[in-house]
Amino acid sequence: MNNLLFALFILLSACSEPVEEVPRIIFDTDFGGDADDLGALAMLNNFVNKGECELVAVMCWNVEPNAVAAISAVNTYYGNPDIPIGTRKDKGDYIDWMHGKVLADNFPHHVNAESAPETTGLYRKLLAESKDHELVIVTVGPLSNIMRLIDSEPDDISPLSGLQLIEQKVKEFVIMGGQYPSGEQEWNFDGNMRGVTKYVLEKLTVPITFSGYELGVNLKTGEVFNEIDKESPLYKGFMHFSEFCPWLNEQYEGKIYDNATYDQTAVLYAVRNGVGDYWSRVEDGICVADSVGGNVWKQATDSNHSYLKMIRENEDMATVIENFMINNF
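All values derive from a computational prediction rather than experimental measurement.

Calculation rules
- Residue numbers here run from 1 along each chain, matching the order of that chain's written sequence.
- Note on the predicted model: pLDDT of at least 70 is required for a residue's local features to be given, and 80 or more for side-chain atom pairs to be given and counted; whole-chain, interface and lining totals, by contrast, use all residues.
- The basis for every side-chain value is the complete set of heavy atoms in the structure, and neither hydrogens nor water enter the calculation.
- A run of DSSP states H or I qualifies as a helix once it reaches four residues; a run of E qualifies as a strand once it reaches two. Both are numbered from the N-terminal end.
- With the radius of gyration taken over C-alpha atoms, the globule rule is written as 2.2 Å times the number of residues to the power 0.38.
- Each residue is assigned to one of three classes by its accessible area relative to the maximum for its type, calculated with a 1.4 Å probe on protein chains only: buried under 20%, partly exposed between the two thresholds, exposed over 50%.
- To measure how exposed things are, a 1.4 Å probe is used in the Shrake-Rupley method; for residues, cover is taken only from the protein chains shown.
- His residues and chain termini do not enter the charge count, which takes Lys and Arg as positive and Asp and Glu as negative.
- For the purpose of locating charges, the reference atoms are NZ of Lys, CZ of Arg, CG of Asp and CD of Glu.
- In the sections that follow, a salt bridge refers to a side-chain nitrogen of Lys or Arg positioned within 4 Å of a carboxyl oxygen of Asp or Glu.
- Any pair of N or O atoms that falls within 3.5 Å is considered a polar contact. Within protein, one atom must be able to donate a hydrogen and the other to accept it, and sequence-neighbouring residues count only if both atoms are side-chain atoms.
- For this analysis, residues touch if any pair of their heavy atoms sits within 4.5 Å.
- You can read pLDDT as the predictor saying how much it trusts each residue, on a scale of 0 to 100.
- Any pair of Phe, Tyr and Trp rings, taking the six-membered ring for Trp, is counted once the centres come within 6.5 Å. Such a pair is stacked with planes under 30 degrees apart, edge-to-face with planes over 60 apart, and tilted for the rest.
- Throughout this description, the term charge over a ring refers to an Arg CZ or Lys NZ atom that lies within 6 Å of the ring centre and within 35 degrees of the ring normal.
- Axis definition: a line fitted to C-alpha atoms, limited for helices to the stretch in contact. Angles are taken between N-to-C directions and run from 0 to 180 degrees.
- Orientation labels follow simple angle bins: below 35 degrees gives roughly parallel, above 145 gives roughly antiparallel, 65 to 115 gives roughly perpendicular, and whatever is left gives oblique.
- By the definition used in this description, the sense in which the near helix is turned from the far one sets the handedness, with an anticlockwise turn below a right angle giving left-handed and a clockwise turn giving right-handed.
- Under the convention adopted here, Pro, Cys and the residues Ala, Val, Leu, Ile, Met, Phe, Trp and Tyr are nonpolar, Asp, Glu, Lys and Arg are charged, and Gly plus all remaining residues are polar.
- A pair of strands counts as paired when DSSP detects no fewer than two bridges linking them.
- By disulfide we mean two sulfur atoms from cysteines, separated by a distance within 2.5 Å.
- What is meant by a nonpolar core is a set of buried Ala, Val, Leu, Ile, Met, Phe, Trp, Tyr and Cys residues, joined one to another through side-chain atoms within 4.5 Å.

Engineer: Got a minute to help me understand the overall build of the protein in this structure?
Structural biologist: Across its full length, the protein carries 13 helices and 12 strands. For a compact globule of 329 residues, the expected C-alpha radius of gyration is about 20 Å, and the protein comes in at 20 Å, within 12% of that figure. When its C-alpha atoms are laid out on the principal axes, the protein stretches across 75 × 45 × 45 Å. Across the 329 residues in the protein, those meeting the buried criterion constitute 54%. For the protein, the accessible surface area stands at approximately 14700 Å², while carbon and sulfur atoms represent 50% of it. Distance from the positive charge centre (24 side chains) to the negative charge centre (50 side chains) of the protein: 3 Å.

As structure tokens, then:
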């Protein structure tokens, strides 16, 4: 009898242990230009399929007409067609070197630029429906979607302003952007939208972890995709990128080339953290952005900002990220 009671006690104790919740992520991307957004979205889908995170939504900054359909095509390919996608509704033109069209033309998709809702309303809905301090917002493009959310006013979705919703519902921002400890004219902090980053960073009060340009520029990934299924989004997207993108096309000889690996670092941190394994965290400071894509890290106490500093060798880290992209983990 004593043994039976002891076994029952052990069973009940095991059942009562708290289950660690996986990150609930909103991915805000300028998908379609640099291929790192495609690699990052593939990583996220692989993590979703292994139960390591929930991809609550994808928000598209890029207004090139094929970008949303391409995102939908990638999610559908990985078996996640129902992930909501929002987009800016500003006018955009077709850009032939971007890889959105090749993905939209070659893979089934369920959402396009016309049918996708505008980002601000979708952000407000998803935040309002979430638990407090639950969401992780990962941005890997310019921050105008976040600025519009911040400035949104109470409505039928929520009596809270956008900034209040962020403060109540968001656990952390992971921002791929800027250079650390300082830099000038980084694309995600500029995006031809002067002052947006400065405005956003001055408004946000929730914790922010920055993954800077200096991490991804030294991580070269992509050549491994020459050996994967040629009927996959990674292969077709990266091949198109290698052939037509302005900074690779002059060397194109019919194969995929390595490229800088920016956005994947932010996704990896958001899902797996990796502090102490992949990188260290620099704290006790704030990222101060200017109006033209530059930033500087300034010492500060009680700061909610931090940035990642690589502790792995670049070649080793590149291999780690490639394995996450091709689902070899």
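Engineer: Just to check I follow, could you spell out the pattern of salt bridges for this structure?
Structural biologist: Proximity of charged atoms lets side chains of opposite charge pair with each other. Under the defined criterion, the tally for this structure stands at 16 salt bridges. A salt bridge links Glu-54 to Arg-24; the shortest N-O distance between them is 2.9 Å. In this pair, Glu-54 sits in strand E2 (residues 54–60) while Arg-24 sits in strand E1 (residues 24–29), placing the two residues 30 residues apart along the sequence. Residue class for Glu-54 comes out partly exposed when judged on its relative accessible area of 36%. Between Arg-124 and Asp-155 there is a salt bridge, with its nearest N and O atoms 2.9 Å apart. Of the two residues, Arg-124 sits in helix H5 (residues 119–129) while Asp-155 sits in the loop between helix H6 (144–151) and helix H7 (162–169), which places them 31 residues apart along the sequence. By relative accessible area, Arg-124 is classed as buried at 1%. A relative accessible area of 34% places Asp-155 in the partly exposed class.

Engineer: Teacher, can you tell me more about the side chain of Ser-152 here?
Structural biologist: Of note, Ser-152 is situated in the loop between H6 and H7. For Ser-152, the side chain forms a polar contact with the main-chain oxygen of Leu-149, separated by 2.7 Å. Once residues within four sequence positions are removed from consideration, Ser-152 is found in contact with Thr-120, Arg-124, Ser-161 and Gly-162.

Engineer: Whenever I open this one, the confidence of the model for the protein confuses me. Can you help?
Structural biologist: Low-confidence regions, as indicated by low pLDDT, have predicted coordinates that should not be scrutinised in detail. With 94% of its residues at a pLDDT of 70 or more, the protein has an overall mean of 93. Taken as a whole, residues 3–18 scores under 50 in pLDDT and shows 0 contacts with residues more than four places along the chain or in a different chain.

Engineer: Sorry if this is basic, but what is going on with the packing of aromatic side chains here?
Structural biologist: Summed over the entire model, instances satisfying the criterion amount to 16 aromatic pairs. An aromatic cluster is defined as three or more aromatic residues linked by ring pairs; in this entry it consists of Tyr-180, Phe-189, Phe-210, Trp-297 and Tyr-307. Lying over the aromatic face of Phe-329, Lys-50 brings its terminal NZ or CZ to 4.0 Å of the ring centre. Positioned above the aromatic ring of Trp-61 is the side chain of Arg-88, whose terminal nitrogen or guanidinium carbon lies 4.6 Å from the ring centre.

Engineer: Would you mind showing me how to read the packing of H6 against helix H9 (residues 196–203) here?
Structural biologist: When two helices pack together, their arrangement is given by the angle between the helix axes and by the axis-to-axis distance. Between H6 and H9, whose axes approach to 9 Å, the crossing angle comes to 50°. On the basis of their axis angle, the class for H6 and H9 is oblique. When the axes of H6 and H9 are compared, the crossing they make is left-handed. Along the contact surface, H6 presents Ser-144, Ile-146, Met-147, Ile-150 and Asp-151, while H9 presents Val-196, Tyr-199, Val-200 and Lys-203. Looking at the contact of H6 with H9, its residues break down into 6 nonpolar, 1 polar and 2 charged.

Engineer: Got a minute to help me understand the pairing of E1 in this structure?
Structural biologist: For a regular strand, side chains alternate in direction, first toward one face of the sheet and then toward the other. Among the 6 residues in E1, 6 count as buried, and that is most of the element. Side-chain alternation along E1 places Arg-24, Ile-26 and Asp-28 on one buried face and Ile-25, Phe-27 and Thr-29 on a second face that is also buried. Pairing analysis gives 6 bridges linking E1 to E2, with the strands arranged parallel. Within the sheet, the bridge partner assigned to Asp-28 lies in E2 and is Met-59.

Engineer: Is there a simple way to think about the environment of Val-170 in this case?
Structural biologist: Note that Val-170 resides in strand E5 (residues 170–176). Looking at Val-170, the relative accessible area reads 1%, which means it is buried. Separated by 40 residues in the primary sequence, Val-170 and Ser-130 have C-alpha atoms spaced 8.9 Å apart.

Engineer: I tried to follow the state of the cysteines on my own but got confused; where do I start?
Structural biologist: By definition, a disulfide is the covalent link that joins the sulfur atoms of two cysteine residues. Going through the model one piece at a time under the given rule, you end up with 0 disulfides. Cys-60 takes part in no disulfide bond, and the closest cysteine sulfur to it belongs to Cys-245, at a distance of 18 Å.

Engineer: Just checking my understanding: could you explain the environment of Asn-49 for this structure?
Structural biologist: Following the sequence through the fold, Asn-49 ends up in helix H2 (residues 36–49). Here Asn-49 falls in the partly exposed class, since its relative accessible area comes to 43%.

Engineer: Looking at this structure, how should I read the nonpolar core?
Structural biologist: What tends to happen in soluble globular proteins is that the nonpolar side chains get buried as a cluster. In terms of nonpolar packing, the biggest core is built from 62 residues, with Ile-25, Phe-27, Val-138, Leu-268 and Trp-279 touching the most fellow members. When neighbours within four sequence positions are excluded, Phe-27 is seen to be in contact with Asp-37, Ala-40, Leu-41, Leu-44, Leu-55, Ala-57, Val-58, Met-59, Val-138, Val-140 and Val-267. In terms of nonpolar packing, the next biggest core, distinct from the first, is built from 32 residues, Met-59, Leu-135, Ile-208 and Ala-289 among them.

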